[in-house]
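Chain by chain, the residues run as shown.
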Amino acid sequence: MLELESIEAFERHLREGASLSNVVLQGLDLRRYTRELSAVPLEGAVFLGCDLEHEALQAALAHGALVFPPISGLPYQPYRGALYTPEELYAGFDPARPETYADTPDARIYQHWASQGRGTPPTLLEALAQRLHDHAITDALDDLLAASGPARKVVAIMGGHSMKRGQEDYREVALLARELTRAGFFLVSGGGPGAMEATHVGAWFARRAEAELDVALGMLARAPSYTDREWLARAFEVRGAFPLGPGELPACASLGIPTWHYGHEPPNPFATHIAKYFANSVREDGLLTIAKGGIVYAPGSAGTIQEIFQDACQNHYNSVGVISPMIFLGREFWTRTRPVYPLLAQLAQGQDYARHLLLTDSREEVIRALVEYDRALPVG
């Protein structure tokens, strides 16, 4: 079924003289379009959370349309038709007054989520609204990836939220993400601080010189941890000093997939697209599933290790239709500090994904492995 997720798309559809039969209209304010809605076929149409005047609602129901009404009293739109942007989530934030983060949509949604039982909402209506929201985010995410086309392969970088700005590991992740973005890969992360932020910083600077990236890293290092009061303000300072022009945005785009389950960690504002979920389990499984170009594991702790074995399970049983690279950046870390790699290598013996495991300290080796895997994929 055709989905209309913006007023512009709705108006264009009407101008083309097309019917609204069997069309899904998602989260639109249609109160100014009663005359138009009353004049076109609506059989099989689905209105998801649309605002309708009484006459238009009666016409829709009389024609057999399916109407899901808006849910009031929420700080989020359950039927939204697009991913978030940093500008939307951080609307009202003033870098000169870091305390204004508490008034942003991101913070208000987190406060609402926490007051409504976190992962166990006290009412069926709240649970339904959250599930509808997350489904809408997945739908918008699918649209984004479809629009990107096969020319841009999705590669994820996973790693710890506690990795601090100013650390060499952080710079290494940023440089890796920058070079992968320049090579045509679409970078994805869990959308939070630490190694995740470094991923999107690198993509943001894909069109800029390494010296400019180093200046930005120095600016960010003045607030190393997301627990620092100035952490978010320093990010916006860098965005302001090194903005993305309209011509640069497609080449420097990246996708963050955070969750309000970890809402005390604000999403980093260097991801140009943000798919933020309520359900962390849906978010994690989806993130691993879309990264069909491979996943790079930077140093991390329990969350990163959980993702490693979720990814290994997908590869072990080929449950998503593709076996993709699992690359471990940091020999010492992944064999001694967190000795995950030896266990994984043993688990993979005799399995197809064994040949796609890589343990390395070399950024160049990571890039080469991902490029070679991408080139070996069948066309189409």
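These figures come from a predicted structure and were not determined experimentally.

1. Digging into the overall build of the chain
Then, in step 1: Helix and strand content of the chain: 15 helices and eleven strands.
Then, in step 2: C-alpha extents for the chain along the principal axes are approximately 70 × 50 × 45 Å.
Then, in step 3: Residues counted as buried form 52% of the 380 residues belonging to the chain.
Then, in step 4: Within the chain, residue pairs in contact and separated by at least 24 positions form 62% of the contacts whose partners lie at least 6 positions apart.

2. Things to note about the pattern of salt bridges
Then, in step 1: Evaluation of the coordinates by the stated rule reveals 20 salt bridges.
Then, in step 2: Look at the salt bridges and you will find they share partners, linking Arg97, Glu99, Arg222, Arg229, Glu230, Arg234 and Glu237 into a network.

3. Examining the nonpolar core
Then, in step 1: Counting 52 residues, the largest nonpolar core has Val188, Leu255, Ile257, Tyr297, Met326, Phe328 and Trp334 as its most contacted members.
Then, in step 2: Looking at this core, the element that brings in the most residues is helix 6 (residues 124–148), giving five residues.
Then, in step 3: Setting aside residues no more than four positions away along its own chain, Phe328 makes contact with Tyr297, Ile308, Trp334, Tyr341, Leu344, Leu358, Leu359 and Thr360.
Then, in step 4: Counting 38 residues, the second largest nonpolar core, distinct from the first, contains Ala174, Trp204, Ala235 and Leu329.

4. Observations regarding the packing of helix 12 (residues 302–317) against helix 14 (residues 340–347)
Then, in step 1: Contact geometry for helix 12 and helix 14: axes closest at 12 Å, N-to-C directions at 10°. Of the possible angle classes, the one that applies to helix 12 and helix 14 is roughly parallel. Residues Ile305, Ile308, Phe309, Ala312 and His316 of helix 12 form the contact with helix 14, whose own contacting residues are Val340, Leu343, Leu344 and Leu347.
Then, in step 2: Of the residues contributing to the contact of helix 12 with helix 14, the split by class is eight nonpolar, one polar and no charged.

5. As for the pairing of strand 10 (residues 326–329)
Then, in step 1: Across the two faces of strand 10 the burial is the same, with Met326 and Phe328 and Ile327 and Leu329 all buried.
Then, in step 2: Relative to strand 10, strand 9 (residues 295–297) is paired through three bridges, and the arrangement is parallel. From the neighbouring strand, Val296 faces strand 10, where its bridge partner is Ile327.

6. A word on the sheet that holds strand 10
Then, in step 1: Reading across the sheet, the seven strands line up as 8-7-6-5-9-10-11 and stay open at both edges, with parallel pairing between neighbours. Single-partner strands in this sheet number two, and they are strand 8 (273–274) and strand 11 (357–360).
Then, in step 2: Against the sheet, helix 14 makes contact with strand 10 and strand 11, and its axis sits at roughly 155° relative to strand 11, the strand it touches most.
Then, in step 3: Sitting on the sheet, helix 15 (residues 363–376) is in contact with strand 5 (154–158), strand 9, strand 10 and strand 11, with an inclination near 165° to strand 11.

7. Describing unusual backbone geometry
Then, in step 1: Of note, the phi angle at Arg118 is positive, near 55°, even though the residue is not glycine.
Then, in step 2: Along the chain, Arg118 falls in the loop between helix 5 (105–115) and helix 6.
Then, in step 3: Positive phi values are uncommon outside glycine, yet Asn318 reaches one of about 50°.
Then, in step 4: Examined against the element boundaries, Asn318 turns out to sit in the loop between helix 12 and strand 10.

8. Structural notes on the pairing of strand 6 (residues 186–189)
Then, in step 1: Here strand 6 shows a buried face lined by Phe186 and Val188 and a second buried face lined by Leu187 and Ser189.
Then, in step 2: Relative to strand 6, strand 5 is paired through three bridges, and the arrangement is parallel. Pairing of Val155 across the sheet is with Leu187, part of strand 6.
Then, in step 3: This β-α-β element, strand 5 to helix 7 (residues 168–182) to strand 6, shows right-handed connectivity.
Then, in step 4: Pairing between strand 6 and strand 7 (residues 254–256): three bridges, direction parallel. Bridged to Leu187 within strand 7 is Ser254.

9. A short note on the sheet that holds strand 1 (residues 2–4)
Then, in step 1: Strand order in the open sheet formed by four strands is 1-2-3-4, and the pairing between neighbours is parallel. Two strands in the sheet have a free side with no partner beyond their single neighbour: strand 1 and strand 4 (66–68). Within the sheet, the average angular offset between the axes of one strand and its neighbour, ignoring direction, is 15°.
Then, in step 2: Across three bridges, strand 1 lies against strand 2 (residues 23–26) in parallel orientation. Within the sheet, the bridge partner assigned to Leu4 lies in strand 2 and is Leu25.

10. Digging into the environment of Gly263
Then, in step 1: Inspection of the secondary structure assignment puts Gly263 in the loop between strand 7 and strand 8.
Then, in step 2: Assessed through its relative accessible area of 3%, Gly263 is described here as buried.
Then, in step 3: Considering only alpha carbons, one finds Gly263 and Trp113, 150 residues apart in sequence, at a separation of 9.1 Å.
Then, in step 4: The residues contacting Gly263, other than those within four sequence positions of it, are Tyr101 and Tyr110.

Calculation notes
Residues numbered from 1 in each chain as written. Predicted model: local features only at pLDDT ≥ 70, side-chain atom pairs only at ≥ 80, totals over all residues. Heavy atoms only, no water. Helix = DSSP H or I, 4+ residues; strand = E, 2+ residues; numbered from the N terminus. Buried < 20%, exposed > 50% of the residue type's maximum accessible area, 1.4 Å probe, protein only. Contact = heavy atoms within 4.5 Å. Salt bridge = Lys/Arg side-chain N within 4 Å of Asp/Glu carboxyl O. Core = buried A, V, L, I, M, F, W, Y, C linked by side-chain atoms within 4.5 Å. Axes fitted to C-alpha atoms, helices over the stretch in contact; angles between N-to-C directions. Parallel < 35°, antiparallel > 145°, perpendicular 65-115°, else oblique. Nonpolar A, V, L, I, M, F, W, Y, C, P; charged D, E, K, R; others polar. Pairing = 2+ DSSP bridges. Right-handed = clockwise from strand over helix to strand, strands pointing away.

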